[in-house]
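# Inside the fold
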Amino acid sequence: MNIALIAHDRKKDIIINFAIAYKHILEEHRIVATGTTGKLIQGATGLSIHRVQSGPLGGDQQIGAEIANNNMDLVIFLRDPLTAQPHEPDILALLRLCDVYKIPVATNIATAEILIRAMEKGEFHWREIINK
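Residues numbered from 1 in each chain as written. Predicted model: local features only at pLDDT ≥ 70, side-chain atom pairs only at ≥ 80, totals over all residues. Heavy atoms only, no water.

## Points about the sheet that holds strand E3 (residues 49–51)
- Strands sit in the order E3-E2-E1-E4-E5 across an open sheet of five strands; the sheet is parallel. Sheet topology places E3 and strand E5 (105–106) at the edges, where each strand pairs with a single neighbour.
- Taken together, the four bridges between strand E1 (residues 2–7) and strand E2 (residues 30–33) define a ladder with parallel strand orientation. Looking at E2, one finds that Ile-3 is bridged to Ile-31.
- Of the strands in this sheet, E1, E2 and strand E4 (74–78) touch helix H4 (residues 59–68), which is tilted by about 160° from E1.
- Packed onto the sheet, helix H5 (residues 88–100) meets E1, E4 and E5 and runs at close to 150° relative to E4. (Pairing = 2+ DSSP bridges. Helix = DSSP H or I, 4+ residues; strand = E, 2+ residues; numbered from the N terminus. Contact = heavy atoms within 4.5 Å. Axes fitted to C-alpha atoms, helices over the stretch in contact; angles between N-to-C directions.)

Laid out in structure tokens, this is it:
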């Protein structure tokens, strides 16, 4: 499966700890991450990460294009709802694409944990069937 990992600045420590905790699951999949987030996760875990631009420089749009091309199965985007983001329209567009293309998306750690555990149990096989 193709999994996107994205985190705003104040959520980067959380996504790094998430990747460390679930490395055994993530290492079996293709991981795409925005610039700085991907670099930090890769440094902390040694996971192979396909890095795109940072969010404000177009990374959210690059991941959105992957969604539109049916090349993404799960998005974990730990957003900071208390800090204004200069690229908010890009963020909303990415979340809209997840809805349009029926891509499971987590915007907080609680939902991310539920989705990764469901994936571990094999409950995302419907995505594999769709992609055949």
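## A few points about the packing of aromatic side chains
- Here the structure, examined in full by the defined rule, presents one aromatic pair.
- Their ring planes at 50° and their centres at 5.0 Å tell us that Phe-18 and Tyr-22 sit as a pair that is tilted. (Phe/Tyr/Trp six-rings, centres within 6.5 Å; stacked < 30°, edge-to-face > 60°.)

## Comments concerning the pattern of salt bridges
- This structure, assessed with the given rule, holds four salt bridges.
- Between Arg-30 and Glu-66 there is a salt bridge; the shortest N-O distance is 3.8 Å. One end of the pair, Arg-30, is in strand E2; the other, Glu-66, is in helix H4, and 36 residues separate them in sequence.
- Arg-30 gets classed as partly exposed once you look at its relative accessible area, which sits at 33%.
- For Glu-66, a relative accessible area of 23% translates into the label partly exposed. (Salt bridge = Lys/Arg side-chain N within 4 Å of Asp/Glu carboxyl O. Buried < 20%, exposed > 50% of the residue type's maximum accessible area, 1.4 Å probe, protein only.)

## What to know about the environment of Lys-121
- The topology assignment puts Lys-121 in the loop between helix H6 (109–120) and helix H7 (125–131).
- A C-alpha to C-alpha distance of 26 Å links Lys-121 and Lys-12, two positions 109 residues apart in sequence.

## Here's the deal with the nonpolar core
- Counting residues in each nonpolar core, the largest one holds 26 residues, and the members touching the most others are Leu-5, Leu-26, Ile-41, Ile-76 and Met-119.
- When residues of this core are assigned to their parent elements, the largest contribution, five residues, is made by H6.
- Not counting chain neighbours up to four residues away, the residues in contact with Leu-26 comprise Ile-3, Leu-5, Ala-19, Ile-31, Leu-47 and Ile-116.
- Counting residues in each nonpolar core, the second largest holds 15 residues, with Val-32, Val-75, Cys-98 and Ile-103 among its members. (Core = buried A, V, L, I, M, F, W, Y, C linked by side-chain atoms within 4.5 Å.)

## A few points about the side chain of His-8
- Here His-8 is to be found in the loop between E1 and helix H1 (12–21).
- Reaching out from His-8, the side chain makes a polar contact with the backbone nitrogen of Asp-80 at a distance of 2.9 Å.
- In contact with His-8, not counting residues within four places along its chain, are Phe-77, Leu-78, Arg-79, Asp-80, Gln-85, His-87 and Ile-91. (Polar contact = N/O pair within 3.5 Å; in protein donor to acceptor, adjacent residues only side chain to side chain.)

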